[in-house]
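Inside the fold
Spelled out, the chains give:
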Amino acid sequence: MEKWRFIAQRALGGTILDWDVPLALSSNPRRELSGPGSMTGTIEPEYQRMMGSDGKPLIQEWGTKIFLEIDGAIRWGGIVTRTAYENQKATIQCEGFTAYPHGIPYEGHMISGPLITPKDPYAGRDKNHDGWIDGKKGKQRTPKPPKPYGGARFDVYDAVRRIWSDLNTRPYGNIGLVIDTHDLGEPLGAKDGSDPWELAWWDHPDCGQTIDTLARLTPFDWREEHYWAKTSGNAIAHRLRLGRPRLGRRRTDLRFADSENVIAIARPEGMGDEYANEAVVLGKGEGRKMARSQVAAYDGRMRRVVTISDKTLSSSSALAKRGRAELAGRTKALQIPRIQVIDHANARFGSWQLGDDIRVQVRVPWVGDIDVWHRVVADEVSANGIITLDLRRSDSFVY
C-alpha cells in the first residue's frame, strides 16, 4: 500500500506548516500538460493544527502551498486558491503554481523585432527641394534617407522568462518557481520589423493569458515539476520545464493494453461537430484591411470550415501556422480520450511523463481492436492505486 501524506507550506518564505494535513480528497490530484492542474479536498472536523506557528491560518487562500508526497516522492504541488467553511468542515481548492500569473497584469515593456527608422543625417538640408544639398547645387545631390530595418529580437522562451521575472520581482510575488534557461530557437516578431511582438503595461496584458497564447501559437509545451531539493534539509524545489519544441518522447518501453494494465476506457470519440478540413483565420485589422489566411487539409470527406479570430496575429505565416495547428486537432480519426490503469510491470506508476507518447491497445465495441499512439496530456492518481490518463492522438499535434 502506497504511503500518502499532504504537506502544507507557507507560500512565501517556504516554512513547513504541517507534515501531515488530514485532507480527504474530493477530486484527485490532477497534473496537466501546459496547464496548472488542480486538487480539491476537505478537512473535517476542525483540528487544532489549523493555526500555523506564525499565528496565521494554516490554510490560507494564496498563502499556503499544498504538496502530495507518495512513498517519499513529491507527486503534486499547488497553491490554495479557494476555501469554504461549513460547520466543522473546510473545503479547500488548490491549483498548480502556473495558475498564479492569471489575472495579474504585466507591468513592464518589451518589444521584439521593432521597426527602426534611422535618423536621416541630411534631413532639412534641401529646403528648396531641388534635389541638391543647400549650397552645393551641382556638386552634391541629396542622398535618399536610410531604409528602416528590423531591430533586435528575442526568443519566445525569453519572453516567458521575462514575464515570470516581472512577477517574481514584485513585492510578495516570488513563489519560487525556477524557469528553464534554454531557448526554443523561435525569435518573436518579423526579421524586417514588419510585424513586431510587443508586450506593454499600458495595454494591461494578463500575464497568464499571454503565456498561454505564446504556447498555443508558437507552439511549445510546458510542465510543472515539484521535488525534494538535493540540498540538505526539507526544501522542496519547483521547476517550470519548457519543451523544445515539445515535451515527452515516444515510450516504446511502456505498454498499455486491455486485460493487462488498462482496466477501463472512456468511450472513444470522433470529432463530430468539431470536425473541419479547412480553416479561415482572421487576424489584426478591421473590414477589408483585416489580416486573413485560409488553409485546407482535404482528406476525402466533405468540406467543413472552421473560422478562428485571433487579433494577436498579422503576418501571413503566423496566420497559416495557426490554421494548420487548428486543423491538426480537427481532422484525425477515432481517439481514446481517457483510460484508467493500475501500477503494473507494463508501466510502473510514475514511469511516464506528461507529454509522452504511449501506445494504447484496446478493444472497443462496434469498432474492434484499436492500436493507436496517444499523448498523455493529463493524469490523476487516486488513493486506491488507480491512475487516470487523459489522452489525445499523437498525430493531432503540429510542431
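Above: the structure in question.
Residues numbered from 1 in each chain as written. Predicted model: local features only at pLDDT ≥ 70, side-chain atom pairs only at ≥ 80, totals over all residues. Heavy atoms only, no water.

**A closer look at the overall build of the chain**
- When helices and strands are tallied, the chain shows 3 helices and 23 strands.
- Projected onto its principal axes, the C-alpha coordinates of the chain cover approximately 95 × 65 × 40 Å.
- Within the chain, the proportion of its 399 residues that are buried is 45%.
- Contacts in the chain between residues at least 24 apart in sequence constitute 67% of all its contacts with a sequence separation of at least 6. (Helix = DSSP H or I, 4+ residues; strand = E, 2+ residues; numbered from the N terminus. Buried < 20%, exposed > 50% of the residue type's maximum accessible area, 1.4 Å probe, protein only. Contact = heavy atoms within 4.5 Å.)

**Considering the layout of surface pockets**
- Here the largest pocket is characterised by a volume of approximately 950 Å³.
- Around the largest pocket sit 31 residues that line it, and Leu188, Trp197, Leu217, Thr312 and Leu313 are the ones nearest its centre.
- The greatest single-element share of the lining of the largest pocket, amounting to 5 residues, is contributed by helix H2 (residues 207-217).
- The class makeup of the residues in the lining of the largest pocket is 12 nonpolar, 9 polar and 10 charged. (1 Å grid on protein atoms, 1.4 Å probe; cavity = no way out; pocket = protein on both sides within 12 Å on 5 of 7 lines; lining within 4 Å. Points joined across faces, edges and corners; volume = space filled by probe spheres on them. Nonpolar A, V, L, I, M, F, W, Y, C, P; charged D, E, K, R; others polar.)

**Some thoughts on the nonpolar core**
- By size, the foremost hydrophobic cluster in this structure holds 42 residues, and its most contacted members are Phe6, Ile59, Ile66, Phe256, Ile339, Trp352 and Leu389.
- What Ile59 contacts, discounting residues up to four positions off in sequence, is Ile43, Met50, Thr64, Ile66, Val80, Thr83, Tyr85 and Ile92. (Core = buried A, V, L, I, M, F, W, Y, C linked by side-chain atoms within 4.5 Å.)

**Considerations on the packing of aromatic side chains**
- Summed over the entire model, instances satisfying the criterion amount to 7 aromatic pairs.
- Positioned above the aromatic ring of Phe154 is the side chain of Arg162, whose terminal nitrogen or guanidinium carbon lies 4.0 Å from the ring centre.
- Positioned above the aromatic ring of Trp373, the side-chain terminus of Arg250 is 4.1 Å from the ring centre. (Phe/Tyr/Trp six-rings, centres within 6.5 Å; stacked < 30°, edge-to-face > 60°. Lys NZ or Arg CZ within 6 Å of the ring centre and 35° of its normal.)

**What to know about the sheet that holds strand S19 (residues 305-309)**
- The sheet built from 3 strands is open, its strands ordered S18-S17-S19 with mixed pairing. Both outer strands of the open sheet, strand S18 (292-296) and S19, are each paired with one neighbouring strand and no more. The average undirected angle you get between the axes of adjacent strands in this sheet is 15 degrees. (Pairing = 2+ DSSP bridges. Axes fitted to C-alpha atoms, helices over the stretch in contact; angles between N-to-C directions.)

**Focus on the pairing of strand S20 (residues 338-342)**
- Burial along S20 is one-sided: Ile339 and Val341 are buried, while Arg338, Gln340 and Ile342, pointing the other way, are not.
- Strand direction decides the pairing type here: strand S16 (residues 262-265) and S20, joined by 3 bridges, are antiparallel. Looking across to S20, one finds that Ala264 is bridged to Gln340.
- As paired strands, S20 and strand S23 (residues 386-393) are joined by 5 bridges and run antiparallel to one another. By the bridge assignment for S23, Ile342 is matched with Ile386.

**Some words on empty space enclosed by the protein**
- One pass over the full model with this rule turns up 2 cavities of 30 Å³ or more.
- Empty space within the largest cavity amounts to approximately 60 Å³.
- Forming the walls of the largest cavity are Thr98, Pro101, His102, Trp164, Gly208, Ile211, Asp212, Trp222 and Leu240.
- Of the residues forming the lining of the largest cavity, the biggest block, 3 residues, is contributed by H2.
- Taken together, the residues of the lining of the largest cavity sort by class into 5 nonpolar, 3 polar and 1 charged.

**Some remarks on unusual backbone geometry**
- Note the cis peptide between Thr218 and Pro219, where omega equals -15 degrees.
- Among the secondary structure elements, Pro219 is positioned in the loop between H2 and strand S13 (222-228).
- Looking along the chain, the bond that leaves Arg244 and enters Pro245 is cis, with omega of -5 degrees.
- Residue placement: Pro245 occurs in the loop between strand S14 (236-242) and strand S15 (256-257).
- With phi around 55 degrees, Asn87 is a residue other than glycine that occupies positive phi space.
- Here Asn87 is to be found in the loop between strand S6 (73-86) and strand S7 (89-95).

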